[in-house]
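# Report on the structure
The primary structure of each chain is shown beneath.
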Amino acid sequence: MAELGAGSLQVGDPAFNYQEREFNERLKRLYPAVNEEETPLPRSWSPKDKYSYIGLSQNNLRVHYKGHGKNHKDAASVRAAHPIPAACGIYYFEVKIVSKGRDGYMGIGLSAQGVNMNRLPGWDKHSYGYHGDDGHSFCSSGTGQPYGPTFTTGDVIGCCVNLINNTCFYTKNGHSLGVAFTDLPPNLYPTVGLQTPGEIVDANFGQHPFVFDIEDYMSEWRAKIHSMIARFPVGERLGEWQAVLHNMVSSYLVHHGYCATAMAFARTTETIIQEEQSSIKNRQRIQKLVLAGRLGEAIDATQELYPGLLERNPNLLFMLKCRQFVEMVNGTDSEVRCFGTRSPKSQNSYPSSPSLSPRHGATNPHLHTTDSPTCSNGVTSKNKSNSKYPGVSSASSSSSSSPSSVNYSESNSTDSTKSQAHSGTSNQETSDSEMEIEAEHYTNGLADASSARIVNGTYKHEEILQTDGHGLGNGLAEDGSTSRQLCGGNLAATERMIQFGRELQALNEQLCRDYGKNPTHKKMLQDAFSLLAYADPWNCPVGQQLDPTQRESICSALNSAILESQNLPKQPPLMLALAQANECVQLMARVRAGSCSFARIDSFLH
Amino acid sequence: MACMLEAPLRISVLSEVTATSRHYVDRLFDPDPQKVLQGVIDMKNAVIGNNKQKANLIVLGAVPRLLYLLQQPSSSLELRTECAVVLGSLAMGTENNIKSLVDCHIIPALLQGLLCQDLCFIEACLRCLRTVFISPVTPVQLLYPDPTVIPHLMSLLSRSQRTQEYITQIFSHCCKTPEHQTILYNHGAIQNIAPLLNSPSYKVQMQALKCFSVLAYENAQVSMTLVNVLVDGELLSQVFVRMMQRDRPIEMQLTAAKCLTYMCRAGAIRTDDTCIVLKTLPCLVRMCSKERLLEERVEGAETLAYLMEPDVELQRIASVTDHLVAMLADYFKYPSSVSAIADIKRLDHDLKHAHELRQAAFKLYASLGANDEDVRKKITETENMMDRIVSGLSESSIKVRLAAVRCLHSLSRSVQQLRTSFHDHAVWKPLMKLLQNAPDEVLVMASSTLCNLLLEFSPSKEPILESGVIELLCSLTQSDSPALRVNGIWALMNMAFQADQKVKVEIVRALGTEQLFRLLSDPDANVLMKTLGLLRNLLSTRPHIDQIMSSHGKQIMQAVTLILEGEHSIEVKEQTLCILANIADGNTAKELIMTNDDMLQKIKSYMGHSNVKLQLAATFCVSNLIWNEEDGSQERQDKLREMGFVDILHKLTQASDPSLCDSLFLLSSRAKTAMQQYLA
């Protein structure tokens, strides 16, 4: 029980930590659907939920008998600290018989909370056990049924609970003995009972590899559940299926503003896109600005294109402005960048691709990187730093392109998917269907040096991964150490920032007056202002805010607000379906449908 | 029934169909090659899935013409390929089609075609060859006459996934004998096929796997090679283990388990290897479960029976794995009463597999109970087990009868079962019936079981004796098969043990001394041992000894002399000396030894033999000769003293002290007992 928690804060013996980590990893692998915050897994015997004749040792994993052991009235049991969560799907633990003691009257099994502990498992209602002296199974009854072989010192007995069909089988030294119990009730605890002096058993709840190959058994059930899902009958005709799927994909592309891809998709699948193409592009443009950290321009553009939108959503406006302040600190917002040594609008390289890519489970290693590989689709900056695209070298870094001039070449929209895959090889391509692959953050105008390191004329997939690796985890710190300075190190810019901060403060007060106090706003503002308290904001406790990934949430909030204002769904149906499926699986866990363990969404997403 | 209805119809339709069919054949003879090609293509489209059309075309002689076109160098590659495709399609029809194709020498023609460079053509030829060879009517040896064929097929394995699939499938169907295994092995089958186990194509993987199962079956050479083979850096046994993972297709799990079973039985993998104990065995037990198809259950049970036959530990483990013993009881429930009413198709399916299921279950029970008494008890306690065996013994299917008697034999090794369930169910009755008229393999098992039933503590012994079994057993001793001779004489030996005079006389009469002495010179040592055992059992208790020796003494003494002089194992000589000791125990029979100085010399020399067992038996014999309480003991003692026996006895009492091993101690005490006869 003491080991609860992820183990990340454990200190001391490294070997212990290693074991602990291995234990956690094994549990995570065996029971991926279990949310241990809601339903913790059994990890040891409970020092409270036991009869007095039971002694525990070795981190509450070893059980020994300390009673008189005269007759069955001296039997004693202990339960695990937690019941078996249904979301395990299939649960397994093993018990090693260290010593059979005087008579070897040992029972291994399961019992519900509250079952009398002065008994061996199996003798009472909601209690189930397999006994070593006669090899019988006891199913809530004082008389056993012939079940398996006897067991004694040195044997390893396993107990597997199948929460999908509510059965249980045992193993002996790695051999399955066949089903022992059916129709098991929920919320059972692993339980052992001893009855004569000298009996000692050790539990393995996953601390060590199991003798029996439980993962092989699980794989069979995973395959069963998957084929059940695959064969699930669907009423509709095939054609409608197809149309639904097309619409899902199309609406997803449109939602995120992958304009050219969406158009190409619509053309080939002959689906209709509800939204105007220009509207998609407008949203795309605003998103890009947000993701580039150019919040001021984004706000201007929004007000220009969707007048009244921000007025109707003061909270959103406040969020945007807060972010704008942060970006000023960062030196990315145009209001401070214009004080830079170079032409303010010249640096069109964005730290990250301007569109959100959906997150597909935590298994994706790119997720926590700050950079583009997660945002691999469609939209991209029109004008890249010339070192990356030697073909457009005429567009020198100083050849400015104001944000408003961000235009969208459609030159290759005929086959957008193809061009995505090969865009790196054709230098002229600057269309919006190219993939954005910049992996560095340009906090100020001095980014050229670092960009030269990673960018070259042709890129391949491997390079994405590689650059990703460079950027991973050190995004800000890397550059900040040398070139990062508050507001790009410009005094005038800093003054502008301070002034903006005051305006922001005023806006907050205004909102408080109009709508009452808003703790979220207060917190946001505090966090943003805190950045100024540190000499190196990028390496401070609130420095996380400066991370470009933090732009993504506000970007999608703004995008959703725009869509909502146009009477379009603020969530793409694909994401809704995905979220619903995820929610259903979690719901299954709560209503104790064990199959949820093998119906994981991420096993269907690649 | 369906046939009778269809027959007249078919005749009338045939004439119409043949007319159109003839048109297809005629076009094959067109002088314009382009038209011939079109004709072949049309023919291809016409025969697909149409068995009647296929039969017609064959009757009309399309095959020789197609083969001619296929072999003709002047034919275009396209035409030759299409010909091979049509022939492949024809082969997909009935077994008669295959026979006709084989009769037209399609196999050499297609094998010849494989020498062509064009992959499409090769694939078409291989596809057709595959279809022909997997048919049970095709003699598999047709693959082997030309020694260049196998190496060429091996070289084609690298061409495409299709060639891999077809060639491995041909191999796995054409490898039926140890010679075939050796041929394939010598041409590098293992190295060539092993990489295919990791093929991206499931079909190729499966056929490669099947190849290994037939190659390894009872072949130590192949199996020993297999264990050391690496596939992409992974040991082959580990590849097989991976293929037994529970989320793999059942067919793959089962075939991989077969491969490992065969490798284990061929001695390449130890029976206590984890890949056998923790992987192969549980996998095969799973194949026996109710969830599997009937065919899979049969194959699973048979393979499992084979795997654990020689190993008691595996038998013990299997007996507690997943309720296997109870699971097998389900094999006898086909066709189930429900299926008969519910579903005719299912009934048909059940009926077809019922025999196979029963025999597989019997085999597995036989294997499970081969060595462990607890397992036997568990088996006999299974519901209706003995009744099932009894009815299995008289089933029409030989396979079932054989398996049932094997099972009975396994269980008959249990003293407890012989005393209880065997007697309660009168299993001797169907067993005796089975012995009357059965093929040799059944007879071997049945007579072996009978041996156990005739053990003296078996309550079945009496009724069997009364059923006139002696004649039957005597006739077995005249069989050509050594196994049957052993069983016959063994059963007689058991029968004679502590039997009454009447039975002994009956045995001697029925067997006849001539046959008895013929058996004493049997080339099979086992037969000789059991015959000596029979003699020894016959020559027990004084009146019986004297009676038999008075009528057959001369021949018996001759036989004994012969054996003692001949080149025989210690066990045989010991048994013979024991017979001599029994003779020495008789009242009148003694004289046959005492008057035979040559024999006495022999006994004397065996008392000084280097083997304690022989010394013991010889001393025993002497001790019987000089026993005090009998008439004329004084003369015999004197005679032996003269011959120097006393000195030897004296030496034997001295030579050994009680701290030595048991038999030496026994010898010295026996010698002391003998010495006491002199002292008294």
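Residue positions within a chain follow its written sequence, with the count starting from 1. Going through the entries in the order they are written, you letter the chains from A and number the ligands from 1. For this predicted model, a pLDDT threshold of at least 70 governs which residues receive local features, and a threshold of 80 or more governs which side-chain atom pairs are given and counted, while totals over whole chains, interfaces and linings are taken from all residues. Hydrogens and water molecules were not included; the side-chain quantities draw on all heavy atoms of the structure.

Moving on, we come to the overall build of chain B. Across its full length, chain B holds 43 helices and two strands. Taken over C-alpha atoms, the radius of gyration comes to 35 Å for chain B, far larger than the 26 Å a tight globule of 680 residues would show. When its C-alpha atoms are laid out on the principal axes, chain B stretches across 115 × 55 × 45 Å. In chain B, which comprises 680 residues, the share counted as buried stands at 56%. Note on definitions: a residue-residue contact is assigned when non-hydrogen atoms from the two residues lie within 4.5 Å. Restricting to contacts in chain B with at least 6 residues of sequence separation, those with at least 24 account for 68%. Per element, the accessible surface of chain B, about 29,900 Å² overall, is 54% carbon and sulfur. In chain B, 67 side chains carry a positive charge and 74 a negative one; their mean positions are 4 Å apart. Labels follow the DSSP assignment, with helices taken as runs of H or I lasting at least four residues and strands as runs of E lasting at least two, numbered in each case from the N terminus. Here the globule rule is a power law, 2.2 Å times the number of residues to the power 0.38, and the radius of gyration is based on C-alpha atoms. Each residue's exposure class comes from its accessible area (1.4 Å probe, protein chains only) as a fraction of the maximum for that residue type: buried when under 20%, exposed when over 50%, partly exposed otherwise. Accessibility throughout is a Shrake-Rupley quantity obtained with a 1.4 Å probe, and a residue counts as covered only by protein chains that appear here. When charges are tallied, Lys and Arg are placed among the positive residues and Asp and Glu among the negative ones, while His and the ends of the chain are skipped. Every charge is mapped onto a representative atom, which is NZ of Lys, CZ of Arg, CG of Asp or CD of Glu.

Right, let's get into the interface of chain A and chain B. Contacts between chain A and chain B engage 17 residues on the former and 13 residues on the latter. A 1.4 Å probe defines the accessible area here, and the buried area is the portion of it lost by two parts on being joined, summed over both. Broken down residue by residue, the surface that chain A buries against chain B is led by H175, D216 and E220 of chain A, which jointly contribute 41%. Salt bridge, as used here, is a side-chain nitrogen of Lys or Arg placed within 4 Å of a carboxyl oxygen of Asp or Glu. Between the two partners, chain A and chain B, sit three salt bridges. For K224 of chain A, the salt bridge is made with E291 of chain B, and the minimal N-O distance between the two is 3.7 Å. We call two N or O atoms a polar contact when they sit within 3.5 Å, provided that within protein one can donate a hydrogen and the other can accept it, with sequence-adjacent residues counted only if both atoms are side-chain atoms. Across the contact surface, chain A and chain B share seven residue pairs in polar contact (both at pLDDT 80 or more). Looking at the side of chain A that touches chain B, the elements with two or more residues in it are β12 (175-181) and α2 (214-230) of chain A. Ranked by the residues each element gives to the side of chain A that touches chain B, the list is headed by α2 of chain A, at six residues. When residues are grouped by polarity, Ala, Val, Leu, Ile, Met, Phe, Trp, Tyr, Cys and Pro land in nonpolar, Asp, Glu, Lys and Arg in charged, and all others, Gly among them, in polar. Within the side of chain A that touches chain B, the residues separate by chemical class into seven nonpolar, six polar and four charged.

Our next topic: the nonpolar core. Residues and elements named next belong to chain B. As used here, the term nonpolar core means buried Ala, Val, Leu, Ile, Met, Phe, Trp, Tyr and Cys residues forming a set that is joined through side-chain atoms within 4.5 Å. F240, L368 and L580 are the most contacted members of the largest nonpolar core, which totals 238 residues. At 10 residues, the largest contribution of residues to this core is made by helix α16 (residues 250-265). Sequence-distant contacts of L580, defined by excluding residues within four places in its chain, comprise M557, V560, L564, I593, M599, I603 and C621.

Residue and element names in this part refer to chain B. The residue H105 is not glycine, and still its phi comes out positive at about 60°. Along the chain, the position of H105 falls in the loop between α6 (95-103) and α7 (106-113). Among the residues examined, H105 registers a relative accessible area of 55% and is labelled exposed. You will see that D322, though not glycine, has its phi angle at about 45°, which is positive.

Within a regular strand, side chains alternate between the sheet's two faces. Residue and element names in this part refer to chain A. The element strand β14 (residues 199-204) is extensively covered by neighbouring structure, given that five of its six residues are classed as buried. In this structure, strand β3 (residues 62-65) lies alongside β14, joined through three bridges in antiparallel fashion. By the bridge assignment for β14, H64 is matched with I200. Whether two strands pair depends on DSSP finding at least two bridges between them. Bridge count for strand β5 (residues 90-100) against β14 is six bridges, and the pairing is antiparallel. By the bridge assignment for β14, I97 is matched with V201.

Residue and element names in this part refer to chain B. Inspection of helix α11 (residues 178-186) places H180, Q181 and L184 among the buried residues, and these make up the whole buried set. Looking straight down α11, one finds its buried side chains confined to an arc of 100°; they lie on one side. Pointing more than 90 degrees away from the buried face of α11 are the exposed residues P178, E179 and N186. At its buried positions, α11 is contacted by α9 (149-156), α10 (161-174), α12 (189-193) and α13 (202-216). Just past α11, the residue G188 takes up positive phi, approximately 75°. In this description, one arc is meant: the one made by directions from the helix axis to the C-beta atoms.

Turning our eyes to something else, we now look at the confidence of the model for chain B. Residue and element names in this part refer to chain B. Each residue gets a pLDDT score, which is the predictor's confidence in that residue and runs from 0 to 100. Here chain B averages 86 in pLDDT, and 93% of its residues register 70 or above. Per-element mean pLDDT across chain B ranges from 59 in helix α21 (residues 337-342) up to 97 in α16. Ignoring residues within four places in sequence, the model shows residues 1-12, a span with pLDDT below 50, making zero contacts including any to other chains. As scored by the predictor, the complex reaches a pTM of 0.74 and an ipTM of 0.80.

Residue and element names in this part refer to chain A. With 71% of its residues at a pLDDT of 70 or more, chain A has an overall mean of 75. Between residues 1-11, whose pLDDT stays under 50, and residues either more than four places distant or in other chains, the model counts 16 contacts. When the criterion is pLDDT under 50, residues 341-482 qualifies, and its contacts beyond four places in sequence or with other chains add up to 255 contacts.

Residue and element names in this part refer to chain A. Within the secondary structure, T171 sits in strand β11 (residues 167-172). A polar atom in the side chain of T171 sits 2.8 Å from the side chain of Y92. What T171 contacts, discounting residues up to four positions off in sequence, is Y92, E94, V156, I157, G158, S176, L177 and F212.

As a measure of interface size, the accessible area lost when the parts come together is often cited. Residues and elements named next belong to chain A. Here chain A is partitioned into domain 1 (17-216) and domain 2 (241-339 + 487-598). As used throughout, domain bounds are those supplied by an automatic or database domain assignment. Averaged C-alpha coordinates put domain 1 and domain 2 at centres separated by 51 Å. With 12 residues of domain 1 in contact, the opposing surface of domain 2 contributes eight residues. Roughly 780 Å² of surface becomes buried between domain 1 and domain 2 when both sides are summed, with 63% attributable to carbon and sulfur atoms. At the surface where domain 1 touches domain 2, the tally comes to one salt bridge. Here domain 1 and domain 2 share two residue pairs in polar contact (both at pLDDT 80 or more) between them.

What UniProt calls "domain: B30.2/SPRY" (unreviewed entry) maps, in this numbering, to residues 23-210 of chain A. Within residues 23-210 of chain A, the helical portion is 4% and the strand portion 43%, while the C-alpha atoms at the span's ends are 12 Å from each other. UniProt positions are given in the numbering used here, feature names are shortened, and annotations may be inferred rather than shown by experiment.

With the rule as written, the count across this model stands at 45 salt bridges over all chains. For E215 of chain A, the salt bridge identified is with R29 of chain A, shortest N-O distance 3.3 Å. Note that E215 of chain A is positioned in helix α2 and R29 of chain A in helix α1 (residues 14-30), a separation of 186 residues in sequence. A salt bridge links R265 of chain B to E309 of chain B, with the shortest nitrogen-to-oxygen separation between them at 3.7 Å. You can see R265 of chain B sitting in helix α16 and its partner E309 of chain B sitting in the loop between α18 (294-308) and α19 (312-320), a full 44 residues away along the chain. Via salt bridges that share partners, E220 and K224 of chain A together with R246 and E291 of chain B belong to a single interconnected network.

Looking now at the packing of α10 of chain B against α13 of chain B. Residue and element names in this part refer to chain B. At their nearest, the axes of α10 and α13 sit 8 Å apart, and the two run at 25° to each other. Judged on the interaxial angle alone, α13 and α10 are roughly parallel. In this structure, the crossing between α10 and α13 has a hand that is left-handed. Side by side, α10 and α13 meet where Q161, Q164, E165, T168, Q169, F171 and S172 of the first sit next to K203, V204, Q207, A208, K210, C211 and V214 of the second. Within the contact of α10 with α13, the residues separate by chemical class into five nonpolar, six polar and three charged. To define axes, lines are fitted to C-alpha atoms, for helices over the stretch in contact only, and angles between the resulting N-to-C directions are given on a 0 to 180 degree scale. An angle below 35 degrees is read as roughly parallel, one above 145 as roughly antiparallel, one from 65 to 115 as roughly perpendicular, and any other as oblique. Left-handed describes a crossing in which the near helix is turned anticlockwise from the far one by less than a right angle; the clockwise case is right-handed.

Moving on: the packing of helix α37 (residues 570-585) of chain B against helix α40 (residues 612-625) of chain B. Each pair of packed helices can be described by the angle between their axes along with the distance between the axes. Residues and elements named next belong to chain B. With their axes 8 Å apart at the nearest point, α37 and α40 run at an angle of 10° to one another. Classified by the angle their axes make, α37 and α40 are roughly parallel. Residue-level inspection shows I570, K573, E574, L577, C578, L580, A581, A584 and D585 of α37 in contact with α40, the latter providing K613, L614, A617, A618, F620, C621, N624 and L625. Class assignment of the residues belonging to the contact of α37 with α40 gives a composition of 12 nonpolar, one polar and four charged.

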